[in-house]
Amino acid sequence: MFLNAAFYNYRNLKNERIDLSSREVYFVGENGQGKSNLLEALYYLAYGVSFRTHTDSQIVRHNEKDFSVNAMFQKESNTEKVGIIFEGGKKRIEKNGKKITDRKDLINTIPCILFCHDDMRFAVGEPECRRFFIDQSLSLYDSLYIEDMRNYKKILKSRNLILKEKNYEMLSVYDQQLAVTGLVIQEKRKKAIFMFNQIFGKLFYEITGIEGVKIAYAPSWKEIKDGVNFRVPSAQQIITHLNSQQELDKHMETTMTGPHRDRIGFLYEGRNFIQTASTGQCRLISLILRVAQAVYYTRATGFKPVLLMDDVLLELDPEKRRKLTAMLPEYEQLFCTFLPGEPYENYRRETTKVYFIKNGEWSDE
C-alpha cells in the first residue's frame, strides 16, 4: 500500500507530498487537470518508466530540467522507500536509500496493474502488443524472465546484425544460443497463457454471456505432435529449423522465426473473435485481460497488486460497468480517475479518499 508520495517538477503536478494511505483513492477532475499525471507518477515509481512516453525529459515540468518522485510503500509488515531522480539528463533509482543499477530490482517492489485506454491495443493492435502484455505479466513476479528476455533480445540483435552485414561466420553459434534462450521464453509463455485461460473465459462470459472465448497461443517455433499430444521441440530441433531457414534469413537480412514473432489471439468457436467483435467487446477484452493479470499475479505470488484505473469505465454501459466493478480482483490498493459527472459516489466506501484535481493541484472534501 502506498503510504504517501511526493513530486518535484513532475509534469504539472504541484511540488508537494500527498497522503495515499487509504485503500481506495479517487482522483476527480475535468480532462487535462492532472488526474492521469498522478497515476503516471505512481506507475513510474513501480516500473521506473512511464506508460505514456519512453523519453524521461518529456515528463519534466515546462521550463524545468530536472524532476523527482518519491514514495513509501508498505508490503505486509515491510515499508519500502522508493525514489527516482532525473537530473542532468540522467535517471537515478533509489530503494531504501541505496542506488538500484538494474530496473528489475524495482519492478517486484510495487506490483501495479494499470488499466488505461491504450489497453485496447491488446485486442486490436499488432501482435507485439499482445506479446508485451504476456511478457509484462510474467515479469511482474519472475525476475528470471526479465533476464531471459534481455538475453534473447541481445542474441537476436547480434544475429540480425551479422545477417545484415553478410558476415555469417558466427551464425551457427547464435543459432544455438537463440534456440536455448528462445525455448525458455516459449515454454513460460505457454504456461502463462494456459493459466490466463482458466481466468479470462469465465470473466468474459459473466459480463457478456458469450461462452467459449479463449486466448490462443501460436508460437513461431511450432510444437511437435507426440502421439495425441503436442510438445515443445528440443533445442537441437530448433537449431535444425533455423539452419533450414538460413537462406530466407540471409535474403531478408533478419531472423524470420522465434519468440519475437509469436502470435497471440482470441478465438471463439475456432475462429478469430476480433474480426467479428464489436468495439465494446474489444474494449471488454482489454479490461478483462487486466483483471486476469491481477488474479494471475496473486495466484503466482500470494500478494495482492495495486490497481491503477485511468478513466476506463467511461465507454461501458451502466450494466457492464456494474458487473466489471463487482468482479474486480482482490487488491492491495485501488486508484481511480473520474470526471466530475461520473457516478463515482456509487462505488466509494466509507474509507475511500477522494481528491479533487484542478491545474495539477489537489484538495480533499
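Just above sits the structure.
So, here is what we can say about the structure in this document. Source: prediction; values computed, not measured.

## Considering the overall build of the protein
Part 1: A count of helices and strands for the protein gives 10 helices and 17 strands.
Part 2: Rg of the C-alpha trace for the protein: 22 Å, near the compact-globule value of 21 Å for 365 residues, within the 12% margin.
Part 3: Overall, the C-alpha framework of the protein stretches about 65 × 55 × 40 Å when taken along its three principal axes.
Part 4: The 365 residues of the protein split such that 52% are buried.
Part 5: Considering only contacts within the protein whose residues lie at least 6 apart along the sequence, 70% involve residues at least 24 apart.
Part 6: Of the charged side chains in the protein, 53 are positive and 48 negative, and the gap between their average positions amounts to 3 Å.

## A closer look at the pairing of strand β5 (residues 78-87)
Taken residue by residue, a regular strand's side chains alternate between the two faces of the sheet.
Part 1: Pairing between strand β4 (residues 67-75) and β5: nine bridges, direction antiparallel. Bridge pairing links F73 to E80 in β5.
Part 2: Taking the residues between adjacent antiparallel strands as the criterion, β4 and β5 are bridged by two residues, where E76 takes a positive phi near 55 degrees.
Part 3: Where β5 meets strand β6 (residues 90-95), six bridges bridge the pair, whose relative direction is antiparallel. Residue pairing across strands places I84 opposite I93, the latter belonging to β6.
Part 4: Connecting β5 to the next strand, β6, in antiparallel fashion are two residues, including G88 with a positive phi near 60 degrees.

## Considering the side chain of S50
Part 1: Turning to its location among the elements, S50 is positioned in the loop between α1 (35-47) and β4.
Part 2: A polar atom in the side chain of S50 sits 2.6 Å from the side chain of E40.
Part 3: Polar side-chain contacts of S50 include one of 2.8 Å to the backbone nitrogen of R52.
Part 4: If we ignore the near neighbours within four places in the chain, the residues touching S50 are E40, Y43, Y44 and I59.

## Things to note about the nonpolar core
Part 1: Of all hydrophobic cores here, the largest spans 116 residues; its most connected members are F2, F7, F27 and F335.
Part 2: The dominant element in this core, judged by the number of residues it contributes, is helix α6 (residues 171-208), at 14 residues.
Part 3: Sequence-distant contacts of F2, that is, excluding residues within four places in its chain, are made with L20, S21, L42, L45, A71, M72, F73, I110, C112, V306, Q333 and F335.

## Overview of the packing of aromatic side chains
Part 1: Per the stated rule, a full pass over the model turns up 23 aromatic pairs.
Part 2: The interplanar angle of 75 degrees and the centroid separation of 5.9 Å between the aromatic rings of F2 and F335 together place this pair among those described as edge-to-face. Here F2 is found in strand β1 (residues 2-8), whereas its partner F335 is found in strand β15 (residues 333-338), with 333 residues between them in sequence. By the burial criterion, F2 is buried, and F335 matches it.

## Section: α1
Part 1: For α1, with 13 residues, the first-to-last C-alpha span of 19 Å sits near the 18 Å given by 1.5 Å per residue.
Part 2: With respect to burial, α1 is a largely interior element, 13 of its 13 residues being buried.
Part 3: Just beyond α1, the residue with positive phi is G48, at close to 80 degrees.

## Side note on the sheet that holds strand β17 (residues 361-364)
Part 1: Read across the sheet, six strands follow the order β8-β14-β15-β3-β16-β17 without closing on themselves; strand pairing throughout is mixed. The sheet terminates laterally at β8 (112-115) and β17, the two strands that pair on one side only. Put simply, the sheet's adjacent strands are angled 20 degrees from each other on average, direction ignored.
Part 2: Sheet strands in contact with helix α9 (residues 279-301) are β8 and β14 (306-310), and its direction is about 170 degrees off that of β8.

## Some remarks on the sheet that holds strand β12 (residues 263-268)
One key point about sheets: their strands pair by backbone hydrogen bonds, in either a parallel or an antiparallel sense.
Part 1: Ordered in space as β9-β12-β13, the three strands form an open sheet in which the pairing is antiparallel. In the strand order of this sheet, the two ends are held by β9 (214-218) and β13 (271-272), each with one partner.
Part 2: Direction of pairing for β12 relative to β13: antiparallel, over a ladder of two bridges. The partner of L267 across the bridge, within β13, is N272.

## A word on the packing of helix α4 (residues 127-139) against α9
Part 1: Two elements in contact, α4 and α9, have axes separated by 10 Å at closest approach and are oriented at 25 degrees. Judged by the inter-axis angle, α4 sits roughly parallel to α9. The two elements α4 and α9 meet at a crossing, and its hand is right-handed. Listed contacts from α9 to F133, Q136, S137 and L138 of α4 are L289, R290, Q293 and Y296.
Part 2: Tallied by class, residues from the contact of α4 with α9 come to four nonpolar, three polar and one charged.

Reading the values: the criteria
- Residue positions are given per chain, counted from 1 along the sequence in the order it is written.
- For a predicted model such as this one, the threshold for reporting local features is a pLDDT of at least 70, and the threshold for listing and counting side-chain atom pairs is 80 or more; totals across whole chains, interfaces and linings nevertheless cover every residue.
- Hydrogens are left out, water is left out, and the side-chain values use all remaining heavy atoms of the structure.
- Only DSSP runs of H or I reaching four residues or more are called helices, and only runs of E reaching two or more are called strands; each is numbered from the N terminus.
- The size measure is the radius of gyration over C-alpha atoms, and the globule rule it meets is 2.2 Å times the number of residues to the 0.38 power.
- The rule is simple: take the accessible area with a 1.4 Å probe, protein chains only, and divide by the maximum for that residue type; under 20% is buried, over 50% is exposed, in between is partly exposed.
- Whether two residues are in contact is decided by their heavy atoms: any pair within 4.5 Å suffices.
- When charges are counted, Lys and Arg contribute as positive and Asp and Glu as negative, whereas His and the chain ends are disregarded.
- Throughout, a charge is located at the NZ atom of Lys, the CZ atom of Arg, the CG atom of Asp or the CD atom of Glu.
- At least two bridges found by DSSP between two strands is the condition for calling them paired.
- Polar contact is defined as a pair of N or O atoms within 3.5 Å, subject to the rule that within protein one atom must be able to donate a hydrogen and the other to accept it, and that residues adjacent in sequence are counted only when both atoms are side-chain atoms.
- Only buried residues count toward a nonpolar core. Its members are Ala, Val, Leu, Ile, Met, Phe, Trp, Tyr and Cys residues joined through side-chain atoms within 4.5 Å.
- Two rings belonging to Phe, Tyr or Trp (six-membered ring only in the last case) form a pair when the distance between their centres is within 6.5 Å. Interplanar angles under 30 degrees mark stacking, angles over 60 mark edge-to-face geometry, and anything in between is tilted.
- Helix span is expected to be 1.5 Å times the residue number reduced by one.
- Here an angle of 0 to 180 degrees is reported between the N-to-C directions of two axes, which are lines fitted to C-alpha atoms, with helices fitted over the stretch in contact.
- In what follows, roughly perpendicular refers to angles from 65 to 115 degrees, roughly parallel to angles under 35, roughly antiparallel to angles over 145, and oblique to any angle outside these ranges.
- Handedness of each helix crossing follows the sense of rotation of the near helix against the far helix: counterclockwise by less than a right angle gives left-handed, clockwise gives right-handed.
- In this classification, the charged set is Asp, Glu, Lys and Arg, the nonpolar set is Ala, Val, Leu, Ile, Met, Phe, Trp, Tyr, Cys and Pro, and all remaining amino acids, among them Gly, are polar.

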